[in-house]
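Fold and contact review
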Amino acid sequence: MLEILLGIVIGPSGLGWAKPDAPVSILALVGLAFLLFLSGLEIDVDRLRGPIVTLTALGFAVSFVIAIPIGIALREGGLVKSPLFVAIVLTATSLGVVFPVLKDSHTIDSSLGQLVIAAASIAEFGSIILLSLFFSGKSSTTTAGRLILLGIFALVVVLAGVAIASAERSMSLSRVLRRLQDTTAQIRVRAAFLLMIVFTALADRVGFETILGAFAAGALVSLLDRDETTHPQFRVKLEAAGFGIFIPVFFVTSGLRFDLSALFARGSTIARVPLFLMAILLARGLPALVYIRTVGLSRALIAGALQATTLPFIVAATQIGLQLGIVSRANTAALVAAGLLSVVLCPALGLGLLRREHPGTAVPRGLPTPVMPVLTAEGHALCRANDVDAAATPATTGSGM
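Calculation criteria
Residues numbered from 1 in each chain as written. Predicted model: local features only at pLDDT ≥ 70, side-chain atom pairs only at ≥ 80, totals over all residues. Heavy atoms only, no water. Helix = DSSP H or I, 4+ residues; strand = E, 2+ residues; numbered from the N terminus. Buried < 20%, exposed > 50% of the residue type's maximum accessible area, 1.4 Å probe, protein only. Contact = heavy atoms within 4.5 Å. Areas by Shrake-Rupley, 256 points an atom, 1.4 Å probe, with all protein chains shown as cover. Phe/Tyr/Trp six-rings, centres within 6.5 Å; stacked < 30°, edge-to-face > 60°. Expected span 1.5 Å × (residues − 1). Bend = angle between axes of the 7 residues up to and from the residue. Axes fitted to C-alpha atoms, helices over the stretch in contact; angles between N-to-C directions. Left-handed = near helix turned anticlockwise from the far one by under 90°. Nonpolar A, V, L, I, M, F, W, Y, C, P; charged D, E, K, R; others polar. Core = buried A, V, L, I, M, F, W, Y, C linked by side-chain atoms within 4.5 Å.

Comments concerning the overall build of the protein
Each helix and strand in the protein was counted, giving 18 helices and 0 strands. Expressed as a percentage of its 401 residues, the buried residues of the protein come to 51%. Sequence-distant contacts, at least 24 apart, represent 78% of the contacts inside the protein between residues at least 6 apart. Just so you have it, the protein exposes about 17,600 Å², and 69% of that area is on carbon and sulfur atoms.

Notes on the packing of aromatic side chains
A complete count under the given rule lists 7 aromatic pairs for this structure. Ring centres of F34 and F37 lie 5.9 Å apart, and the angle between their planes is 85°; on these two criteria the pair is classed as edge-to-face. Here the residue F34 and the residue F37 both occupy positions in helix α2 (residues 22-41), the gap between them amounting to 3 residues, near one helical turn. Looking at F37, the relative accessible area reads 1%, which means it is buried. Here the aromatic rings of F34 and F246 are separated by 5.7 Å at their centres, their planes lie at 10°, and the arrangement is stacked. Taken together, the residues F34 in helix α2 and F246 in helix α11 (residues 234-257) connect sequence positions 212 residues apart. By relative accessible area, which is 18% here, F246 ends up buried. Here a set of aromatic residues connected by ring pairs shows up, and it is made of F34, F37, F193 and F246.

Focus: α11
For α11, built from 24 residues, the straight-helix expectation of 34 Å at 1.5 Å per residue is met to within 8% by its first-to-last C-alpha distance of 33 Å. At I247, α11 shows its strongest bend, of approximately 45°, with the proline P248 following within four residues. Taking burial as the measure, the 24 residues of α11 include 17 buried ones, the bulk of the element.

Points about the packing of helix α6 (residues 111-134) against helix α15 (residues 297-307)
Running from N to C, α6 and α15 cross one another at 35°; their axes reach a closest spacing of 10 Å. Relative to α15, the crossing made by α6 is right-handed. In contact with S111, L112, V116 and A119 of α6, α15 contributes R299, I302, A303, L306 and Q307. Residue composition of the contact of α6 with α15, by class: 6 nonpolar, 2 polar and 1 charged.

Things to note about helix α10 (residues 210-224)
Between its first and last C-alpha, α10 extends 22 Å over 15 residues, near the 21 Å set by a 1.5 Å rise per residue. The buried fraction of α10 amounts to 12 of the 15 residues, a majority that puts the element mostly inside the structure. Of all the residues in α10, the buried ones are T210, I211, L212, G213, A214, F215, A216, A217, G218, L220, V221 and S222.

Things to note about the nonpolar core
Taken as a class, soluble globular proteins show a tendency for nonpolar side chains to be buried jointly. Grouped together as the largest cluster of nonpolar side chains are 109 residues, with contacts concentrated most on F37, L131 and Y291. The biggest single contributor to this core is α6, with 14 residues. Among all residues touching Y291, those that are not within four sequence positions of it are L55, T56, G59, L115, A119, G296, A300, A303 and Q307.

Quick word on the side chain of T91
With respect to the element layout, T91 can be found in the loop between α4 (83-90) and α5 (95-104). With a relative accessible area of 0%, T91 lands in the buried category.

Next up, the structure:
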């Protein structure tokens with residue numbers, strides 16, 4: 001959020017110190033790919049099993065059903081051009097923001113936490129698939145043709161996963177990876193980066209947006225990287241490279257491209273910000289009512305508030321929409337502003353409701369931002385490693401005595 005605001009301040013809409021020229025735009029594209037790669041890396045397959053998947057998938061379907069008439073109403077009011085595009089944008093949830101909020105409030109392992117993580121994962125994955133399927137300006141094929149290409153792309157991802165998993169079973173290769181992973185070779189980081197580039201290029205080659213390839217690469221790494229005890233710093237290194245170097249360039253560049261004059265040109269444009277925010281709350285918050293039978297009304301309301309948190313996907317999708325000419329600069333600015341407000345308000349509302357239900361619930365320090373996942377993977381990996389050490393310590397002490 002602050003990086004976007006910084007870009008607005010120093011960009012053409014502010015002080016005019018910087019502009020998104022070709023080198024900056026290339027780095028911003030890498031940052032976008034890394035952002036979606038790390039979002040895919042947050043997908044935990046263990047959490048996406050059993051009845052919870054059916055329930056959260058139903059919630060996403062309800063969300064899309066609600067978003068479609070909202071998009072149609074906005075078009076009839078002359079506010080948007082494509083109801084389907086707006087519907088897809090409204091159905092996304094920022095997993096990278098929701099995950100650390102739940103973890104820092106010690107709710108991640110509860111039934112509520114599992115439900116929200118599953119819902120956010122399905123919403124993020126589903127919105128990326130839908131955007132790539134219906135709004136990819138790089139492919140002139142029909143929707144049926146894109147479905148076939150999507151199936152081929154999925155098959156390539158599966159085959160690549162099988163090949164990587166088979167290679168990792170080799171003891172000699174495993175020893176090489178362990179020997180080189182913490183040296184200047186940083187072999188695991190380089191391999192992950194290469195996989196992201198290959199999948200991104202493949203998605204672009206078959207006519208989809210690059211975000212699909214990057215997200216698929218991250219999800220595949222998350223699926224294959226199960227044994228974190230041998231390399232607990234692997235994900236920390238990836239996030240350090242992403243959130244420390246490339247992703248800030250993307251968000252600052254998004255701020256440089258933010259048309260502040262278009263947002264404040266007319267009062268009606270400013271009024272779209274709360275309107276779009278309300279649309280986000282309706283499209284993502286209201287479907288949480290399907291969770292009532294599982295977690296109760298109060299927790300369903302908490303889940304609804306948390307899963308209405310969205311920003312990175314809005315920024316990425318509106319950039320694509322601008323290139324395709326299906327969203328105006330004014331609506332882009334209003335949608336991003338609404339996303340900024342959702343990041344500030346929705347987690348705070350969810351945590352406030354959670355504290356009312358459980359007064360002893362810890363409150364995360366500071367407002368949640370897309371940068372907070374830097375702490376998430378580190379804590380996740382180190383906690384597992386510490387659990388192993390803790391389990392081994394009593395036995396060692398006992399033998400010494």
